[in-house]
Amino acid sequence: MNDTISDLRAEYSELAALARMLTPAQWRLKSEFYGWTPWDEIAHLCFFDETGLQSATDPDVFARDTAALNALLATGKEISAIARDEYGHLDGPSLLAHWEPLSGQLVDALAALDPKARLPWYGPSMSARSFATARLMETWAHGQDVWDVVARRRPATSRLKHIAHIGVTTFGWTFVNRKLPVPAVVPHVELDAPEGGVWAWGDPASPEFVRGTAEDFCLLVTQRRNLADTDLEYSSGSARQWLSVAQCFAGPPADAPAPGVRKVVYAP
């Protein structure tokens, strides 16, 4: 849990450092993620870090606010619009000034909990450790949209292991979520770690496999890249089926961007 908390804090810090460098114009640049701007990305994270803090510290308030949120969503209102209503009075730097201490409070609250403590969330409850890992994945994924929109390459770190683990363990759920039969053969996943070495999951004797860099795998399972825009190697059966629809985040089935849409040409 200490490692997870430390990595979550570092993920927040890295994205905040990038956001501090954004110009007023860059805060409003539209990304390829549903046209969201860096402002929208930070507002989205801020909204759910705020409700996450409620979940960790005041479950009754969280339950009340969740009912209100569900009522809004039932009207067809998008979560991005709800976040804009909540923080629309703030410009980019002001939003960042609100989000940074809030995210720090959430990390501190999670660090104080037993790793196995259950936190209510949207859907099934989560352990404190799983909750922290999920927030790291969300922050990394939405952070990628910001890095992409300013055409800057983000250094890959060992924090990717948390995201890769979620990606691997949601193999079956990806199919269930789409009401598809879960393949009987689970691929062996072998990823090159950013700082050297190999991370592996599953049975090495499996006839199905996925190989490549941890960064490419994480970009794929968070649907920030199309499979065709990665250098992943994979077998043609269940591995190919999985990678074509992989989704490591909760919610209804979502589709990866089309080939080439998120193939970023990085600034020198």
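Residues numbered from 1 in each chain as written. Predicted model: local features only at pLDDT ≥ 70, side-chain atom pairs only at ≥ 80, totals over all residues. Heavy atoms only, no water.

Concerning the overall build of the protein chain
1) Next: In terms of helices and strands, the protein chain carries 11 helices and six strands.
2) Next: Its C-alpha radius of gyration of 18 Å places the protein chain within 12% of the 18 Å reference for a compact globule of 268 residues.
3) Next: Considered along the principal axes of its C-alpha atoms, the protein chain spans approximately 55 × 45 × 40 Å.
4) Next: Out of the 268 residues in the protein chain, the part that is buried amounts to 51%.
5) Next: Long-range pairs, those at least 24 residues apart, make up 67% of the contacts in the protein chain with a sequence separation of at least 6.
6) Next: Here the protein chain displays about 12600 Å² of accessible surface, and carbon together with sulfur accounts for 55% of that area.
7) Next: Charged side chains of the protein chain number 24 positive and 33 negative; the gap between the two group centres comes to 2 Å. (Helix = DSSP H or I, 4+ residues; strand = E, 2+ residues; numbered from the N terminus. Rg over C-alpha atoms; globule rule 2.2 N^0.38 Å. Buried < 20%, exposed > 50% of the residue type's maximum accessible area, 1.4 Å probe, protein only. Contact = heavy atoms within 4.5 Å. Areas by Shrake-Rupley, 256 points an atom, 1.4 Å probe, with all protein chains shown as cover. Lys, Arg positive; Asp, Glu negative; His and termini not counted. Charge placed at Lys NZ, Arg CZ, Asp CG, Glu CD.)

Considerations on the environment of L180
1) Next: In this fold, L180 is placed in the loop between α9 (171-177) and β3 (188-192).
2) Next: Measuring from C-alpha to C-alpha, the distance between L180 and G123 comes to 20 Å, with 57 residues separating the pair along the chain.

A word on the nonpolar core
1) Next: Counting 76 residues, the largest nonpolar core has Y87, W99, L110, V189, V210, F217 and W242 as the members making the most contacts within it.
2) Next: In terms of residues, this core owes the most to one element, helix α7 (residues 128-149), which gives 10 residues.
3) Next: The contacts of F217, once residues within four sequence positions are left out, are A164, G167, V168, V189, L191, V210, L232, W242 and L243. (Core = buried A, V, L, I, M, F, W, Y, C linked by side-chain atoms within 4.5 Å.)

So, the packing of aromatic side chains
1) Next: This structure, assessed with the given rule, holds 13 aromatic pairs.
2) Next: Between the aromatic rings of W121 and F131, the centroid separation amounts to 4.8 Å while the plane-to-plane angle is 85°, which identifies the pairing as edge-to-face. Of this pair, W121 sits in strand β1 (residues 118-121) while F131 sits in helix α7, and the two are 10 residues apart along the sequence. Exposure class is identical for W121 and F131. Each is buried.
3) Next: An aromatic cluster is defined as three or more aromatic residues linked by ring pairs; in this entry it consists of F47, F48, F62, W121, Y122 and F131.
4) Next: In this structure, R211 is placed above the aromatic ring of F209, and the distance from its NZ or CZ to the ring centre is 3.9 Å. (Phe/Tyr/Trp six-rings, centres within 6.5 Å; stacked < 30°, edge-to-face > 60°. Lys NZ or Arg CZ within 6 Å of the ring centre and 35° of its normal.)

A short note on helix α1 (residues 2-20)
1) Next: End to end, α1 covers 27 Å across 19 residues, agreeing with the expected 27 Å (1.5 Å per residue, within 8%).
2) Next: What α1 keeps buried is the set T4, I5, D7, L8, E11, Y12, E14, L15, A16, L18 and A19.
3) Next: Structurally, α1 contributes buried residues whose contacts are with α2 (24-27), α3 (38-57), α6 (92-111), α7 and α8 (160-169). (Expected span 1.5 Å × (residues − 1).)

With respect to the side chain of H44
1) Next: Secondary-structure assignment places H44 in helix α3.
2) Next: If sequence neighbours within four positions are ignored, H44 has contacts with W36, I79, A83, E138 and H142.

Some remarks on the packing of α3 against helix α5 (residues 79-87)
1) Next: Packing of α3 against α5 brings their axes to within 9 Å, and their N-to-C directions diverge by 85°. Considering their axes alone, α3 and α5 lie roughly perpendicular with respect to each other. Here α3 contributes W39, D40, A43, H44, C46, F47, F48 and E50 to the contact with α5, which in turn contributes I79, I82, A83, R84, E86 and Y87.
2) Next: Here the contact of α3 with α5 is composed, by residue class, of nine nonpolar, one polar and four charged. (Axes fitted to C-alpha atoms, helices over the stretch in contact; angles between N-to-C directions. Parallel < 35°, antiparallel > 145°, perpendicular 65-115°, else oblique. Nonpolar A, V, L, I, M, F, W, Y, C, P; charged D, E, K, R; others polar.)

Points about the environment of L72
1) Next: Turning to its location among the elements, L72 is positioned in helix α4 (residues 59-74).
2) Next: The class for L72 is partly exposed, based on a relative accessible area of 36%.
3) Next: Separated by 126 residues in the primary sequence, L72 and V198 have C-alpha atoms spaced 45 Å apart.
4) Next: Not counting residues within four places of it along the chain, the set of residues in contact with L72 comprises K77 and I82.

Some words on the pattern of salt bridges
1) Next: Applying the stated rule across the entire model yields 14 salt bridges.
2) Next: K77 is the salt-bridge partner of D85, the closest N and O atoms lying 2.3 Å from each other.
3) Next: Classification of K77 by relative accessible area gives partly exposed; the value is 30%.
4) Next: Between R262 and D148 there is a salt bridge, with the nearest N and O atoms lying 2.8 Å from each other. Taken together, the residues R262 in the segment after α11 (238-245) and D148 in helix α7 connect sequence positions 114 residues apart.
5) Next: Several salt bridges share partner residues, and in doing so they unite D145, D148, R224, R225 and R262 into one network. (Salt bridge = Lys/Arg side-chain N within 4 Å of Asp/Glu carboxyl O.)

The analysis is restricted to geometry; functional conclusions fall outside its scope.
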